[in-house]
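# Working through the structure, step by step
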2 protein chains.
Amino acid sequence: MELLDVVIVGAGLSGLTTARELLKRNAYLKILILEGKARIGGRTVTLSLPAAKGEDSWDLGGQWVGRTQTHILDLIQELGLEIYPQYTEGKKVYRLGGPEAEIRTYTSSIPPLSLMGLIDMQLLLWKIDKLRKTVSVEIPGSSPNALEYDSMTLHSFIKKNTWTQEVRAAMELSCRSVFGMETSQLSFLYFLMYGAAAGGFLALLEATAGSAQEYKVKGGTQQLSEILADRVGRQNIRLSSAVTAIHQDSGIVEVRTESEAFKCKSVIVTSPPHLASKIHYQPPLPVERESLTQNMPMGHMMKFIVTYPTTFWRENGFSGEIVTQPSSECPFSVTYDATSTSGNPALVGFIAGAQAADWCHRELEDRRDAVIQTLTKFLGPEASNYIHYAEKDWAKEQYSGGCPVNIMVPGMITYFHPSLRRPCGRIHWAGTETATLWCGYLSGAVQSGQRVALEVLGQLSPECLSQEEKEWARKSLAFPVPHRDWKIATGSSSFSAYLLLSTAALGAALLWVHPWFSQVLIERGLSILQKTYMMQ
Amino acid sequence: MELLDVVIVGAGLSGLTTARELLKRNAYLKILILEGKARIGGRTVTLSLPAAKGEDSWDLGGQWVGRTQTHILDLIQELGLEIYPQYTEGKKVYRLGGPEAEIRTYTSSIPPLSLMGLIDMQLLLWKIDKLRKTVSVEIPGSSPNALEYDSMTLHSFIKKNTWTQEVRAAMELSCRSVFGMETSQLSFLYFLMYGAAAGGFLALLEATAGSAQEYKVKGGTQQLSEILADRVGRQNIRLSSAVTAIHQDSGIVEVRTESEAFKCKSVIVTSPPHLASKIHYQPPLPVERESLTQNMPMGHMMKFIVTYPTTFWRENGFSGEIVTQPSSECPFSVTYDATSTSGNPALVGFIAGAQAADWCHRELEDRRDAVIQTLTKFLGPEASNYIHYAEKDWAKEQYSGGCPVNIMVPGMITYFHPSLRRPCGRIHWAGTETATLWCGYLSGAVQSGQRVALEVLGQLSPECLSQEEKEWARKSLAFPVPHRDWKIATGSSSFSAYLLLSTAALGAALLWVHPWFSQVLIERGLSILQKTYMMQ
């Protein structure tokens, strides 16, 4: 069996970037990419759909890029592709509540809330932004109050820091659209870290300058992977070859699929963490790594494209952007204009989070009819006159298992985050989840591929690295574990003086109404009372 | 290839109970148990250790049973084993804070807190108990306020409902001891459900009548699995045969290990959920099932046994029970007397949750010395004169991956809990995590095995079931999905009248200090103000 230099698990944007970077630096490296799917591109896929002027291409996976996403923009330029702006002219549509709720329109970035809602929203966004700026994306466990923010869900933070139902609902909508998850599922510290990696929470939501939905790639994003695959060499990529086991000893790694085995010096796993955890490792991975990947569930998103004969919504004064509370009648959270550069009119939308769990079991025809009927309500009767409806449920794609990103649940970052990028022997980790800039996005996938390539070159082929890069590779492997302080204050909290009076009264009442409790107190007797008062 | 009736994945207490139940009802069933470990017993293991009177047996895994755990007690009786009470006479030791904190002793169930701490604790326990009684273990998503309680961590609930640091620390200790997890990692609804399945939260913590730590099994709990294995027939059990893939079509299931494949009519997976999710299923499991098992991390516990020449702690007036805040000097959370029925003195203790993550990387000698030194401080200088120190890190046992139980993280129960027991075609699910009585305990493992056996017999061999059992099996498969209400109130919350005044003032201030905000407001103009006031 030939000894390979590097086996890369996953032929998505991250894995292909890794291979390209490795070969750019050292064309003699023997590299093999193993991919579970029958196609390349990971969480990007571009399909040809019937449209106004015949067939045209649309992205059913990751599609947007923004001007601050330098890693992906540089790659787009290098590969000779073009970007064009997301269409945003005209009124946006907003609806909270069920089908009978009022439909509002607006043109700014902030949804049309009540006056109190606007104030509530603004104060919440300031709070989030202030906290976000204190978070280290590299070592989030070292951020101020990391343990406390990692111990609560995003839901708990929002509930505590808002007072209007409309802002809470708006935040649920935003969370669903960004993560394909409910606010109850995310660690608040993870949410802050994700926002920090993007340069701000609003950047995740908007289509304005520097935001996540600013530009699209002409011809679709899967082209990035296709061109990279050509440059890496198709003969070095095996499709329909899901990795089932990775065995390593001190000298060599064996990577197995159901039917084959490959030997190599280093292996780079670029799969989403929850899929990486399905591989059987020998020896087993460290406890922290296992704990981490057991706590990074993937979001659930279904994406749909509806092609139309005309951009009737533009004529009716709409941008095509709809943000709506899902309901039993409306499956989606958000839509945008998706008209192609060739002028083929289309809308794109997302069924996300809990409503994806609700709607994914129905027939495609049911979802399609519900989507079309809701579009009719929002944008005008012309919405019913569509050419084609296409959709993709990413949770049903076995070697993605969801979309867009694996999040972190509460209580993980402060204990296990360092395992996210720390290599386990000869196994290295990449994928957009490991990125520190635009984690969860195409740009993060590229950044992670570049990072891991340097990491592996530092070990296999250090002569290809500059002194500065060697230093960087060395440093990038050092993940300090945040200091854990087990000490706690054993006394009462700061407003104890006030509480002492009220609790003394309450205690007396309890003694009177609850014999068991009084028994416990009497058992401890005066000594406890004495100690307590001495502690105050 | 022979067609088997049932393949059972896992030769722990749950899998062996399942096999025994199936064969009891129909001795002609062809059954095969596949076990990843080189031994049977799952999360129970009984080892022979050097002791005062030569060798004796101790449990390094699950060891306690209680009088309300009828499933395990009936099995113990059926298999001819004996139980004996946990020794609890004498003073218990309690310490919050680091090594320099005061060591207190007590004899009741409630730890020696300050007066305010006692009141705080009692009020919290009442609240938890009141809520616990409202929770349905079978369908927790249908409980009152299920969505809200599932959207917060146990940490958030405790923080909101206590005011003393000592009660918060005591609850962290309890959580660590029961789940091997931190309060930040559990859904509060899951915590309530777990308590409800045990008949109360205090029952999880205590060694009193009806509690989880009431009795021990003479000779150790692994005997249960050994005797069951004899009755099932050792020839029907394959050790070191981890299942890697399960492929099913409408008629048949193929269960694969790394080197073999077996065909059967039904397969029962009794592995912990996070390990069940590492099996490759074809066709893939439903999205909800995948989402659930991605959100059920396993606790982390290390258990140690220290054998001694004498029960010196008893002579010093101690019960052997220590409850302590872990620190950089003290690795453990809790210890108990572990003297055997043959009179061999010993103590048992647990290194759990975050401190297990801290301490599991050190050398065994370091941990041992730290344990012994801490015991000396608490129980007397005689503690340093030990015979043998043995320990087991369950997280490092590949086909357990932790101990004692897979918990549920926030936001899962309300969406995905019905997938916990719902069969996927010919795949059925068991294991203590699926139990409705004493979930997470030995008793729950037995209950789950009995339940799944009836479930499978209902399909393969209904003639072996009574009419009542057939009805039960049919019903036990119906897991209604809780109704999801997408509607929300779009107005402001109840204290809006009060807030309107203060926010109006704040709004004016904001308009003045933040030009962008005023621009947004002006854009919306009077129409928003008008709408807002009409909504009040």
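Residues numbered from 1 in each chain as written. Chains lettered and ligands numbered in written order. Predicted model: local features only at pLDDT ≥ 70, side-chain atom pairs only at ≥ 80, totals over all residues. Heavy atoms only, no water.

Turning next to the overall build of chain A. Within chain A, the regular secondary structure consists of 19 helices and 20 strands. Relative to its 536 residues, chain A shows a buried fraction of 65%. Of the roughly 19,200 Å² of accessible surface on chain A, 55% is carried by carbon and sulfur atoms. (Helix = DSSP H or I, 4+ residues; strand = E, 2+ residues; numbered from the N terminus. Buried < 20%, exposed > 50% of the residue type's maximum accessible area, 1.4 Å probe, protein only. Areas by Shrake-Rupley, 256 points an atom, 1.4 Å probe, with all protein chains shown as cover.)

For the rest of this paragraph, the subject is the UniProt feature "binding site: substrate" (unreviewed entry) in chain A. All names here are of chain A. Residues annotated by UniProt as "binding site: substrate" (unreviewed entry) correspond here to Phe350. Residue position: phenylalanine 350 is located in strand β18 (residues 346-352). If near-sequence neighbours (up to four positions away) are discounted, phenylalanine 350 is found in contact with Trp64, Met301, Met302, Lys303, Phe304, Phe332, Ser333, Val334 and Gln355. (UniProt positions renumbered as here; feature names shortened; annotations may be inferred. Contact = heavy atoms within 4.5 Å.)

Below, the discussion takes up the packing of aromatic side chains. Where two aromatic rings form a pair, the distance of their centres and the angle of their planes describe that pair. Residues and elements named next belong to chain B. Applying the stated rule across the entire model yields 38 aromatic pairs over all chains. Note on phenylalanine 179 and tyrosine 194: the rings are 4.6 Å apart at their centroids and 55° apart in plane angle, and the pair reads as tilted. Of this pair, phenylalanine 179 sits in helix α6 (residues 165-179) while tyrosine 194 sits in helix α7 (residues 188-197); the two residues are 15 residues apart in sequence, bridging distant segments of the chain. When its relative accessible area of 1% is taken as the criterion, phenylalanine 179 is described as buried. Note on tyrosine 194: relative accessible area 1%, which makes it buried. Pairing tyrosine 281 with tryptophan 429 gives two aromatic rings, centres 6.0 Å apart and planes at 65°, and the pair type is edge-to-face. In this pair, tyrosine 281 is assigned in strand β14 (residues 280-282) and tryptophan 429 in strand β20 (residues 427-429), connecting sequence segments 148 residues apart. (Phe/Tyr/Trp six-rings, centres within 6.5 Å; stacked < 30°, edge-to-face > 60°.)

This part takes up helix α16 (residues 442-460) of chain B. With 19 residues, α16 of chain B should reach 27 Å at 1.5 Å per residue; the first-to-last C-alpha distance of 27 Å fits that figure. Extensive coverage of α16 of chain B is indicated by the burial of 15 of its 19 residues. (Expected span 1.5 Å × (residues − 1).)

All right, on to the sheet that holds strand β5 (residues 64-65) of chain A then. Residues and elements named next belong to chain A. The three strands are arranged β5-β9-β6 in an open sheet whose pairing can be described as antiparallel. Only two strands of the sheet have a single neighbouring strand rather than two, namely β5 and β6 (83-85). Across two bridges, the pairing between β5 and strand β9 (residues 215-217) is antiparallel. Following the sheet pairing, tryptophan 64 is matched in β9 by lysine 216. (Pairing = 2+ DSSP bridges.)

Turning our eyes to something else, we now look at the UniProt feature "transmembrane region" (unreviewed entry) in chain A. Taken from the UniProt record, the annotation "transmembrane region" (unreviewed entry) applies to residues 188-209 and 497-517 of chain A. Annotation note: span residues 188-209 of chain A, helix share 73%, strand share 0%, distance between end C-alpha atoms 26 Å.

Moving on, we come to the nonpolar core. In this structure, Phe179, Tyr190 and Phe191 of chain A together with Phe179, Tyr190 and Phe191 of chain B are the most contacted members of the largest nonpolar core, which totals 160 residues. Ranked by residue count, the leading element in this core is helix α7 (residues 188-198) of chain A, at 10 residues. If sequence neighbours within four positions are ignored, phenylalanine 191 of chain A has contacts with Ile128, Leu154, Met171, Phe179, Leu186 and Phe201 of chain A. (Core = buried A, V, L, I, M, F, W, Y, C linked by side-chain atoms within 4.5 Å.)

All names here are of chain B. With respect to the secondary-structure elements, glutamate 329 resides in the loop between β16 (318-324) and β17 (334-337). As for glutamate 329 and proline 99, which are separated by 230 residues in sequence, their C-alpha atoms are 6.8 Å apart. Residues contacting glutamate 329, with those up to four places away along its chain left out, are Pro99, Trp359, Ala370 and Thr374. Looking at glutamate 329, its side chain comes within polar contact range of the side chain of serine 328, at 3.1 Å. (Polar contact = N/O pair within 3.5 Å; in protein donor to acceptor, adjacent residues only side chain to side chain.)

So, about the domain arrangement of chain A. Accessible area lost upon the coming together of the parts serves often as the stated size of an interface. Residue and element names in this part refer to chain A. In terms of domain boundaries, chain A breaks down into domain 1 (4-43 + 218-296 + 407-478) and domain 2 (110-204). Placing the centre of domain 1 and that of domain 2 at their C-alpha centroids yields a distance of 30 Å. Between domain 1 and domain 2, the contact holds 17 residues from the first and 24 residues from the second. Of all residues in domain 1, Ile407, Ile413 and Trp438 bury the most surface against domain 2, accounting for 34% of the area lost on that side. In this assembly, domain 1 and domain 2 are joined by zero salt bridges. Viewed at the interface, domain 2 and domain 1 are joined by seven residue pairs in polar contact (both at pLDDT 80 or more). A per-class count over the side of domain 1 that touches domain 2 returns 11 nonpolar, five polar and one charged. (Domains from an automatic or database assignment. Buried area = accessible area lost by both parts, 1.4 Å probe. Salt bridge = Lys/Arg side-chain N within 4 Å of Asp/Glu carboxyl O. Nonpolar A, V, L, I, M, F, W, Y, C, P; charged D, E, K, R; others polar.)

The next point concerns the sheet that holds strand β9 (residues 215-217) of chain B. All names here are of chain B. Spatially, the three strands line up as an open sheet ordered β5-β9-β6, and their pairing is antiparallel. Sheet topology places β5 (64-65) and β6 (83-85) at the edges, where each strand pairs with a single neighbour. Two elements, β6 and β9, share three bridges in a ladder whose sense is antiparallel. Along β9, the bridge assignment pairs isoleucine 83 with valine 217.

What follows concerns the packing of helix α1 (residues 13-25) of chain A against helix α9 (residues 222-232) of chain A. Residues and elements named next belong to chain A. Where α1 contacts α9, the two axes come as close as 9 Å, and the packing angle between them is 35°. Note on packing geometry: the crossing formed by α1 with α9 is left-handed. Along the contact surface, α1 presents Leu13, Leu16, Thr17, Ala19, Arg20 and Leu23, while α9 presents Leu224, Ser225, Leu228, Ala229, Arg231 and Val232. For the contact of α1 with α9, the class distribution of residues is eight nonpolar, two polar and two charged. (Axes fitted to C-alpha atoms, helices over the stretch in contact; angles between N-to-C directions. Left-handed = near helix turned anticlockwise from the far one by under 90°.)

Another point: helix α14 (residues 364-379) of chain B. All names here are of chain B. For α14, which comprises 16 residues, the first-to-last C-alpha distance of 22 Å matches the rise-based estimate of 22 Å (1.5 Å per residue) to within 8%. Taken as a whole, α14 has its buried residues at Arg367, Ala370, Val371, Ile372, Thr374, Leu375, Phe378 and Leu379. Phi turns positive, to about 125°, at glycine 380, one or two residues after α14.

Right, let's get into the pairing of β18 of chain A. Residues and elements named next belong to chain A. Burial analysis of β18 places seven of its seven residues in the buried class, which makes it a mostly covered element. Across the two faces of β18 the burial is the same, with Ala346, Val348, Phe350 and Ala352 and Leu347, Gly349 and Ile351 all buried. Pairing between strand β15 (residues 301-307) and β18: seven bridges, direction antiparallel. Its bridge partner being in β18, phenylalanine 304 is matched across the sheet by glycine 349. Direction of pairing for strand β17 (residues 334-337) relative to β18: antiparallel, over a ladder of four bridges. Paired with tyrosine 336 across the bridge in β18 is valine 348.

Before going further, it helps to spend a moment on the packing of helix α2 (residues 70-78) of chain B against helix α9 (residues 222-232) of chain B. Residues and elements named next belong to chain B. Where α2 meets α9, the axes come as close as 11 Å, and the angle between the chain directions of the two elements is 60°. Between α2 and α9, the crossing angle belongs to the class labelled oblique. Judged by the sense of rotation from one axis to the other, the crossing of α2 with α9 is left-handed. Every residue of α9 that contacts α2 at Ile72, Leu75, Ile76 and Glu78 is listed here: Leu224, Leu228 and Arg231. (Parallel < 35°, antiparallel > 145°, perpendicular 65-115°, else oblique.)

Before going further, it helps to examine the side chain of threonine 18 of chain B. Residues and elements named next belong to chain B. Summarising the element assignment, threonine 18 is placed in helix α1 (residues 13-25). For threonine 18, a relative accessible area of 0% puts it in the buried group. Excluding its chain neighbours within four sequence positions, the residues that come into contact with threonine 18 are Ile8, Ile268, Thr270, Gly449, Val452 and Ala453.

So, about the pattern of salt bridges. The full count for this structure, using the stated rule, is 58 salt bridges over all chains. Residue lysine 278 of chain A is joined to glutamate 290 of chain B by a salt bridge in which the shortest nitrogen-to-oxygen separation is 3.0 Å. Of this pair, lysine 278 of chain A sits in the loop between α10 (273-276) and β14 (280-282) while glutamate 290 of chain B is found in helix α11 (residues 287-293), placing the two residues in two different chains. Here lysine 278 of chain A matches glutamate 290 of chain B in class, with each residue buried. The salt bridge partner of glutamate 391 of chain A is arginine 367 of chain A, with a shortest N-O separation of 2.4 Å. Taken together, the positions of glutamate 391 of chain A in strand β19 (residues 388-393) and arginine 367 of chain A in helix α14 (residues 364-379) put the pair 24 residues apart, joining distant regions of the chain. One salt-bridge network, in which partners are shared between bridges, spans Arg20, Glu21, Lys24 and Glu78 of chain A.

Turning to the environment of asparagine 385 of chain B, a few remarks are in order. Residues and elements named next belong to chain B. Inspection of the secondary structure puts asparagine 385 in the loop between α14 and β19 (388-393). For asparagine 385 and threonine 310, which are 75 residues apart along the polypeptide, the C-alpha to C-alpha distance reads 9.5 Å. Discounting residues that sit within four places of it in the chain, asparagine 385 has contacts with Tyr308 and Pro309.

Time to look at the environment of alanine 198 of chain B. Residue and element names in this part refer to chain B. Looking at the element boundaries, alanine 198 is found in the loop between α7 and α8 (201-205). What makes alanine 198 buried here is its relative accessible area of 6%. Separated by 182 residues in sequence, alanine 198 and leucine 16 have C-alpha atoms that sit 23 Å apart. Ignoring any residue separated from it by four or fewer positions in sequence, one finds alanine 198 in contact with Ala203, Leu204 and Trp438.

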